[in-house]
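Notes for the structure review
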Amino acid sequence: MLNLALKMLLGDKAKYIMLISGLTFAALLMTEQAAIFCGIMQWCGSTLDNVGAPIWVVDPMVEQVNDTEAMRDTDVGRVRSVEGVAWAAPLYQGNLRTHMRDGSFKFVQLIGIDATTFAGAPRDIIQGRLDDLRLPNTVILDEYGSKKLSHDPAKPIGLGETFEINDREARVVGICKTRMSFSGNPYLFTTYDQAVQYAPSTRKMLSCVLAGAAPGQDPAQVARRINQATGLKAYTKNEFFWLSIWWYIKNTGIPVAFGATVVLGFVVGLAISSQTFYSFVLENLRNLGALKAMGASDGILARMIMLQTFTVGLIGYGCGVGLATVFGLIVLKKGMPPFFLPWQLPLITLAAILFICWLAASLGIRKIRNLEPAIVFRG
Amino acid sequence: MNEIAVQTSSVCKGFGEGEARTEVLKEVNFEARMGELLMLVGPSGCGKTTLLSVIAGTLGVDRGEVDVFNSSLHALGKRAVTQFRAANIGFIFQQYNLIPTLDCVENVSVPLRIQGQKAAVADKKAAAMLETVGLGKRMHHRPNMLSGGQQQRVAIARALVHDPRLIICDEPTAALDSENGTKVMELLRGVAARPDRCVIVVTHDNRIFKYADRMTHMEDGRIDHTDTKENNALEHN
Ligand SMILES: Nc1ncnc2c1ncn2[C@@H]1O[C@H](COP(=O)(O)OP(=O)(O)OP(=O)(O)O)[C@@H](O)[C@H]1O
Ligand SMILES: [Mg+2]
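Calculation rules
Residues numbered from 1 in each chain as written. Chains lettered and ligands numbered in written order. Predicted model: local features only at pLDDT ≥ 70, side-chain atom pairs only at ≥ 80, totals over all residues. Heavy atoms only, no water. Helix = DSSP H or I, 4+ residues; strand = E, 2+ residues; numbered from the N terminus. Rg over C-alpha atoms; globule rule 2.2 N^0.38 Å. Buried < 20%, exposed > 50% of the residue type's maximum accessible area, 1.4 Å probe, protein only. Contact = heavy atoms within 4.5 Å. Areas by Shrake-Rupley, 256 points an atom, 1.4 Å probe, with all protein chains shown as cover. Lys, Arg positive; Asp, Glu negative; His and termini not counted. Charge placed at Lys NZ, Arg CZ, Asp CG, Glu CD. Near = heavy atom within 4 Å. Polar contact = N/O pair within 3.5 Å; in protein donor to acceptor, adjacent residues only side chain to side chain. Salt bridge = Lys/Arg side-chain N within 4 Å of Asp/Glu carboxyl O. Domains from an automatic or database assignment. Buried area = accessible area lost by both parts, 1.4 Å probe. Nonpolar A, V, L, I, M, F, W, Y, C, P; charged D, E, K, R; others polar. Core = buried A, V, L, I, M, F, W, Y, C linked by side-chain atoms within 4.5 Å. Axes fitted to C-alpha atoms, helices over the stretch in contact; angles between N-to-C directions. Parallel < 35°, antiparallel > 145°, perpendicular 65-115°, else oblique. Left-handed = near helix turned anticlockwise from the far one by under 90°.

Remarks on the overall build of chain A
Within chain A, the secondary structure is distributed over eleven helices and ten strands. Compactness check: chain A gives a C-alpha radius of gyration of 29 Å against a globular reference of 21 Å for 379 residues, more than 25% above the reference. Projecting the C-alpha coordinates of chain A onto the three principal axes gives extents of approximately 95 × 50 × 35 Å. Counting over 379 residues, chain A shows a buried share of 50%. Nonlocal contacts in chain A, meaning residues at least 24 apart in sequence, comprise 77% of its contacts between residues at least 6 apart. Carbon and sulfur atoms provide 61% of the accessible area of chain A, an area that totals close to 17,000 Å². Averaging the coordinates of the 35 positive side-chain charges in chain A and doing the same for the 28 negative ones gives two points 10 Å apart.

See the structure below:
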């Protein structure tokens, strides 16, 4: 009986394709919207990825990574002296304006890293050398910035080109890959001492202290110890990431607005696929009624419907998530819009699709159960 | 006289509630015997289909008793009735009710598969039955590629494939022209009618009356009278 159920399903190609495309669309919509949402959320914490460090120490009042409060230079030493800390290094970050040779100007996210340890240096340098950063007035620009700062995007800024930040010259000695920031400003790396020169001078310049735990030490515990010993606030990278994400969720409308489209994607997907399924069952009612008259039990019919819905559901899910992945690969090449597909997401979509299948199947099964097999005698 | 196959006593069945309620079967006492082809005739709306559904166990009764091969359908649970149907009854409908997305062999094999037989075995028996009804060359056609008469022959094959003891037909020739109607009835007489089997045919079609062993007349929810060969009311040629 069960392989007849599949034949009944596949027999009507047009209807079958419509069912599959309904579910494919639903799965695509859910996955893709959610992935864009995750991508945006990831942008909020991009600095944490671009500047790699296991522990971040900031002023206790700081609420998120993109908005830090200046600390004293001596705080670096205080952090370094805490037990379990292997190393500690200063970090400057700020949004500054660059002036190009042609008179145009753009904002960049300036990152100043410790010149001796290079802690927090960009990991993926595609042109030039990190060591050249020790030369005076040098910077490493990210790939996105090399296009954005150039007046002609077809001719990105290359090694050796110069521009000005606050009337000081900056010479590009490297191009690196980074993750896009939430503000859309390109990342510009230089040494901490150089960054302090570029930035408008204020009493305190240290944005945060990067630190690493000694081998065998748990970064989370070391962070707790830094809190107690210094009165500063230390987070592991992960903690700081989630703190920042929550800040954006609570303080800006963006995650909520995007979250709404994710929910919408789910609702629309749910509606489309339950609707297509249900009409499939309704159209089949006469056939199922004939089977029931001929002595097929409710149990067999229920299993047939389940098999049909879950077959369509899983195929539609596969196509949908496949398409979302292809979409993601294309989008990731272009860098816009943000796209991040954590492994949990396809599972959540799968659960949603299975739920839809279950819903449609049980509606259909209820219909069958209440079906008078005598209907098949009527014309 | 042959053994009784189907017997109903004082069966009542109505539809609807309150004002809208109509009593369709009013104390119906009906009887069909082994080895006969019994026709059930009567004006439209008199309750023939309803009685047929009751006998088949696809419709419950309000009152009265329905005995088919000494099983009391009115006393059995839904599940048991369904099982009983699968094992003992073959159906032929006016609208054929073949499943459009399955080919002839698959359609015919359905009753066997419902009984849990293996697909290969079921298909083999179904193919043999299609040969018997003269559709050996149409095994893998879909129903919509066949004429009405051919579709009804597929339906006959489906009704017979699991060798049921009772065959129930509701207006099997109503959708067919007279030539095809005759063919279908010849087939029913030739293949279906056997001493160990009972065939009940509901019909309006007086062209096929001659195939009946007995003819029971219904009138407004009651059995009016039954013509038999013995009382010469039936004319055979
Ligand atoms: N499920 C139902 N709900 C309500 N009324 C019904 C139902 N089934 C049958 N009836 C009514 O019962 C009466 C008898 O119907 P039935 O189909 O048994 O007649 P019939 O003798 O088979 O007629 P026909 O020759 O036109 O097929 C009709 O008036 C019909 O409207
Ligand atoms: Mg009728």
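With respect to the site of ligand 1
In the vicinity of ligand 1, the contacting residues are R378 of chain A together with F15, V24, S44, G45, C46, G47, K48, T49, T50, E171 and H204 of chain B. Taken together, the residues near ligand 1 originate from chains A and B. A distance of 2.5 Å separates an oxygen atom of ligand 1 from a polar side-chain atom of S44 of chain B. Contacts to ligand 1 include T50 of chain B, whose side-chain N or O atom sits 2.5 Å from an oxygen atom. The greatest single-element share of the shell around ligand 1, amounting to three residues, is contributed by helix 1 (residues 48–56) of chain B.

Looking at the pattern of salt bridges
The tally for this structure, following the rule as stated, stands at 25 salt bridges over all chains. The closest approach of N and O atoms between R224 of chain A and E239 of chain A, which form a salt bridge, is 3.0 Å. Of this pair, R224 of chain A sits in helix 7 (residues 219–230) while E239 of chain A is found in helix 8 (residues 237–251), placing the two residues 15 residues apart along the sequence. When its relative accessible area of 35% is taken as the criterion, R224 of chain A is described as partly exposed. When salt bridges with common partners are traced through the structure, they connect K13, R21, E23 and D62 of chain B into a single cluster.

Regarding the domain arrangement of chain A
Residue and element names in this part refer to chain A. Split into domains, chain A comes out as domain 1 (2–43 + 253–377) and domain 2 (72–231). Taking the mean C-alpha position of each, domain 1 and domain 2 sit 48 Å from one another. Between domain 1 and domain 2, the residue contacts involve six residues of the former and four residues of the latter. Buried area between domain 1 and domain 2, summed over both chains or domains, comes out near 500 Å², and the portion from carbon and sulfur atoms is 69%. Contact with domain 2 buries surface across domain 1, with Q42, W43 and I254 losing the most and accounting together for 84% of the total. On inspection of domain 1 and its partner domain 2, the count reaches zero salt bridges. Counting across the domain 1 and domain 2 interface gives one residue pair in polar contact (both at pLDDT 80 or more). Residues that form the side of domain 1 that touches domain 2 fall into these classes: four nonpolar, two polar and no charged.

Remarks on the environment of E69 of chain A
You can see E69 of chain A is positioned in the loop between strand 1 (55–58) and helix 4 (75–80). The spatial distance from the C-alpha of E69 of chain A to the C-alpha of M205 of chain A is 9.1 Å, given a sequence separation of 136 residues.

Here we look at the side chain of R197 of chain B
By secondary structure assignment, the location of R197 of chain B is in the loop between helix 6 (178–192) and strand 8 (198–202). Within the local environment of R197 of chain B, its side chain forms a polar contact with the side chain of D163 of chain B, the two groups lying 2.7 Å apart.

Describing the environment of L359 of chain A
Residues and elements named next belong to chain A. Inspection of the secondary structure puts L359 in helix 11 (residues 344–369). The exposure class assigned to L359 is partly exposed, which follows from its relative accessible area of 27%. Sequence separation between L359 and V267 is 92 residues; the distance between their C-alpha atoms is 14 Å.

Details of the nonpolar core
Core analysis: the biggest nonpolar cluster contains 64 residues, and W56, F163 and I226 of chain A have the highest contact counts within it. Counting 60 residues, the second-largest nonpolar core is a separate cluster that includes A302 and I365 of chain A together with L51 and V68 of chain B.

Some points on the packing of helix 9 (residues 254–293) of chain A against helix 10 (residues 298–334) of chain A
Residues and elements named next belong to chain A. Axis separation between helix 9 and helix 10 bottoms out at 12 Å; the angle between their running directions is 150 degrees. In terms of orientation, helix 9 lies roughly antiparallel with respect to helix 10. Helix 9 and helix 10 meet at a crossing whose hand is right-handed. Across the interface between the two elements, F277, F280, L288, L291 and K292 from helix 9 touch D298, L301, M304, I305, Q308, T309, V312 and G313 from helix 10. Its residues placed into classes, the contact of helix 9 with helix 10 shows eight nonpolar, three polar and two charged.

Description of the interface of chain A and chain B
Put simply, an interface is often sized by how much accessible area is lost when its parts join up. Each side of the interface is counted separately: chain A has 26 residues, and chain B has 28 residues. Together chain A and chain B conceal approximately 2,400 Å² of surface at their shared face, both sides included; 64% is due to carbon and sulfur atoms. If you sort the residues of chain A by the area they bury against chain B, L4, M294 and F377 of chain A come out on top, with a joint share of 32%. Our count for the chain A to chain B interface comes out at one salt bridge. Our count for the contact surface shared by chain A and chain B stands at seven residue pairs in polar contact (both at pLDDT 80 or more). Of all the secondary structure elements, the ones that give two or more residues to the side of chain A that touches chain B are helix 1 (2–11) and helix 9 of chain A. Of all the elements, helix 9 of chain A adds the most residues to the side of chain A that touches chain B, at six residues. For the side of chain A that touches chain B, the class distribution of residues is 13 nonpolar, six polar and seven charged.

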